[in-house]
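Chains, contacts and geometry: an overview
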Amino acid sequence: MATTKLTINNNGSVKIDGDFEIVDMQGNNYGLQGRTIVSICRCGLSANKPFCDGSHKGHFEHDAIAFDLPPKKV
């Protein structure tokens, strides 16, 4: 089984690394042209959404520190 790693960057994007596909709400694939690493915008400022273009620099603050979610509701 291939693994995919998502890294939540401080003050920036979500980096996706591994074997993955990205689809829109209708299930259409984004053409990633063979990339195995992309960054997804979290700030909403990118002109290339959903992909990060670096527009967040100086305009988005978030310290990415891992934590445990509460137990899953059954």
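Worth saying up front: this structure is predicted, and the values here are computed from it rather than measured.

Criteria and cut-off values
- Residues numbered from 1 in each chain as written.
- Predicted model: local features only at pLDDT ≥ 70, side-chain atom pairs only at ≥ 80, totals over all residues.
- Heavy atoms only, no water.
- Buried < 20%, exposed > 50% of the residue type's maximum accessible area, 1.4 Å probe, protein only.
- Helix = DSSP H or I, 4+ residues; strand = E, 2+ residues; numbered from the N terminus.
- Pairing = 2+ DSSP bridges.
- Axes fitted to C-alpha atoms, helices over the stretch in contact; angles between N-to-C directions.
- Contact = heavy atoms within 4.5 Å.

Bringing the pairing of strand β3 (residues 37–40) into the picture now. Only one face of β3 is covered, namely the one carrying Val38 and Ile40; the face carrying Ile37 and Ser39 has none of its residues buried. Here four bridges tie strand β2 (residues 14–18) to β3, and the two strands are oriented antiparallel to one another. Across the sheet, the residue bridging to Ile16 is Val38, located in β3.

Let us now look at the sheet that holds β2. The strand order across the open sheet formed by three strands is β1-β2-β3, and the pairing between neighbours is antiparallel. Because the sheet does not close on itself, it has two edges, and the strands there are β1 (4–8) and β3. If you compare each strand with its neighbour and ignore which way they point, the axes differ by 20° on average.

Tracing the backbone shows His56 in the segment after β3. For His56, a relative accessible area of 11% translates into the label buried. Contacts of His56, omitting those with residues within four sequence positions, involve Asn11, Gly12, Cys43 and Leu45.

In short, the description is geometric, and any link to function would need to be established separately.
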